[in-house]
Amino acid sequence: MWFFVIGLGLIKCGQRGTLSGGPKDTIPPVLINVSPKMNTIKFDKKEIKMTFDEFIILKDINNQLIISPPIELENYTLNPRTGATKKITIKLSEPLNPNTTYTFNFGQGIADYNEGNILPSLAYVLSTGDVIDSLTLSGFVADAIELLPVSNISLQLYPIDSTYTDSIVYLEKPFYVANTLDSTYFKFQNLKEGKYQIIALDDQNKNYLFDQSFDKIGFSDQLIELPKDTLVSLRIFKEIVDFSWDIPKYFNDNLILWGYFGKHTDQEMEMISQVPETFESMITHSEETDTLFYWFKGAELDSLKFKYPSKDTILTRTLRFIDPIEDSLVIRPLTSNTLHLNKTFELNSNRPIVKIDTTQISIIDVDSAAVAYNAIIDENKHKISLDFEVTPNDEYQLWLYPGALIDFFDSTNDTLELSTKSLGVEDYGSIIVSVIANSDLPYILQLVDAKGELIQSKQKNPEDETYIFQYLQPQTYFIRLVKDMNNNGQWDTGNFLKKIQPEQVVYLPDTLELKANWEFNEQFNVEQIDLGLSEIQADSLPN
């Protein structure tokens, strides 16, 4: 009986509370031992062993581990790369450079196994010489035109010596590297006194080499001189790729596709086949890709031969007409079911349009009244605009009968019946911007959406520097000002070899959450914002 009572008491006591695992572990792992020890000099070992106070895992270690100066991947191993462990080992298969300070920076790549707490910026330093270099260089990286901050940018230092040339960024890995990881801030440590070229690289191939086709690059106008320089800001940009032709491709008996790289201006290819006098050709440009369309007609052929420049030579290529892809005229509307008040109704053609017969086009409004319009073929021959006065809260019916649009091959459209409607003025918002800037500063004022897409653009008006962006759809907007130093009406990117920086872009700090029937009035003081951004960067330097 007593045993039963005591048992009940124990059960009731056990029900008074629930077991708890205690507070959540928020403490990152601790490096408790490393061999050879930190800041070792005269290093000549083949491996480095690191021991932690708890089980750890390596996260994204291929990107997080930055070794400076770089060591080729095939010349070292890091184990274990997967699973939980308290020890990691770096084995070196080749001797390190003599009289050099090395830094192994693990970034955010080490976390505890249970909770994932990050051990931030663990750096192991050694020297193969008699001293540990101790100079530092830090700074910030921003995109030259995009508002969103850039991350995981590689910062690279090249010593200025008798072997240095600007082309080194394409051919050789840098002597020192750092990384912004998940921020815009970077810091080089354990640097040696001297002069350096610094570049920032959005290194898509993760090989520390500049690939113009893929990577963005940023550089300083002045060489870095240590220990004199301690802080630098860089803007990364995508260069215009050096022009070159791709291999042309036969599409069908009327079309050859000419891909290219870079910016096409007046670079030409020439058809050199013998063709009859009835042969005709036309060149248009793809709207989606860097491709020219070579259209031709008026001859029964089985091939065409072209010549075109390639670097320092002239190439010839014969395209034989094999396995043609069927093609016919297709017209599709680019305008959706809603035609906005400041827009024109647009159509797209897969073939070049050479003629419009307006007698075969009819537009009526909601009251069945005929609407006057202008029909325009764009310079590239693939876009047709039907420009008419769009009134609020209206509906439009459009008919394009056969013969309305004639293409290069004398084909015409089938009957098209389209409809669209407009919104009321109250469905839109507007933004009014007053610019305060140096009177001599040429600029372009631009409105962009949250994705960075350009919505509207205004050239500087010296007579009245107040600009109205109207009939705007409700969404998030940003205002930016392009310092158009060459006054050509567009933002120009930079070029590393030519030592041309991209034109500077300044954003109004305010995020404009525009709603229907709203109006924003903003003042854009360019000089104050420039100064303010510099102060913000200085204030955000880590201690």
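Not measured: the values here are computed from a predicted model.

The rules behind the values
Chains are numbered independently. Their residues run from 1 in the order of the written sequence. Reporting in this predicted model follows two pLDDT cut-offs: at least 70 for local features of residues, and 80 or more for side-chain atom pairs to be given and counted; totals over whole chains, interfaces and linings ignore these cut-offs and use all residues. Side-chain measures were taken over the full set of non-hydrogen atoms in the model, leaving aside hydrogen atoms and water. Here a strand pair is declared whenever DSSP counts at least two bridges between the two strands. In DSSP terms, a helix is any run of H or I states spanning at least four residues, a strand is any run of E spanning at least two, and both are numbered starting from the N terminus. Whenever a helix is involved, its axis is fitted only over the stretch in contact; in every case the axis is a line through C-alpha atoms, and angles between N-to-C directions fall within 0 to 180 degrees. Only centres within 6.5 Å qualify two rings of Phe, Tyr or Trp (six-membered ring in Trp) as a pair; their planes then separate them into stacked at under 30 degrees, edge-to-face at over 60, and tilted for everything else. Classification of residues uses two cut-offs on accessible area relative to the type maximum, computed with a 1.4 Å probe and protein chains only: under 20% is buried, over 50% is exposed, and between them is partly exposed. In this description, a nonpolar core means a group of buried Ala, Val, Leu, Ile, Met, Phe, Trp, Tyr and Cys residues linked to one another through side-chain atoms lying within 4.5 Å.

Draft legend 1. Fine view of the sheet that holds strand S25 (residues 331–333). With antiparallel pairing, four strands are arranged side by side in an open sheet as S25-S26-S30-S29. Whereas interior strands pair on both sides, the edge strands pair on one side only; in this sheet they are S25 and strand S29 (374–377). Ignoring which end each strand starts from, the neighbouring axes of this sheet average 25 degrees apart. Across three bridges, S25 lies against strand S26 (residues 345–349) in antiparallel orientation. Bridging across to S26, Ile331 finds its partner in Ser349.

Draft legend 2. Just unusual backbone geometry, in detail. A cis amide bond links Ser68 to the next residue, Pro69, at an omega of -5 degrees. Examined against the element boundaries, Pro69 turns out to sit in the loop between strand S3 (66–68) and strand S4 (76–79). The amide bond that connects Asn79 to the next residue, Pro80, takes the cis arrangement and shows omega of -10 degrees. Along the chain, Pro80 turns up in the loop between S4 and strand S5 (85–92). Within the chain, Asn99 stands out as a residue other than glycine whose phi angle is a positive 50 degrees. Tracing the sequence through the fold places Asn99 in the loop between S5 and strand S6 (101–105).

Draft legend 3. Region of the structure containing the packing of aromatic side chains. Taken as a whole, this structure holds 26 aromatic pairs when the rule is applied. Ring geometry for Phe104 against Tyr124: centres 6.1 Å apart, planes inclined by 50 degrees, an arrangement best described as tilted. Residue Phe104 is found in strand S6, and its partner Tyr124 is found in strand S8 (residues 123–127); the two are separated by 20 residues along the sequence. Take Phe104 and Tyr124: they sit in the same class, and that class is buried. Taking the centre distance of 6.3 Å and the plane angle of 80 degrees together, the rings of Tyr443 and Tyr467 count as edge-to-face. In this pair, Tyr443 sits in strand S35 (residues 443–449) while Tyr467 sits in strand S37 (residues 466–472), placing the two residues 24 residues apart along the sequence. Here the two residues Tyr443 and Tyr467 agree in accessibility, since each one is buried. One aromatic cluster in this structure is built from Phe243, Trp245, Tyr250, Trp258, Tyr260, Phe279, Tyr294, Phe296, Phe306, Tyr308 and Phe321.

Draft legend 4. Here's a closer look at the nonpolar core. One finds Ile48, Met50, Phe104 and Phe106 to be the most contacted residues of the largest nonpolar core, which totals 25 residues. Here this core gets five residues from one element, more than from any other, and that element is strand S2 (residues 47–58). Membership of the second largest hydrophobic core comes to 24 residues, among which are Tyr373, Ile384, Leu398 and Leu416.

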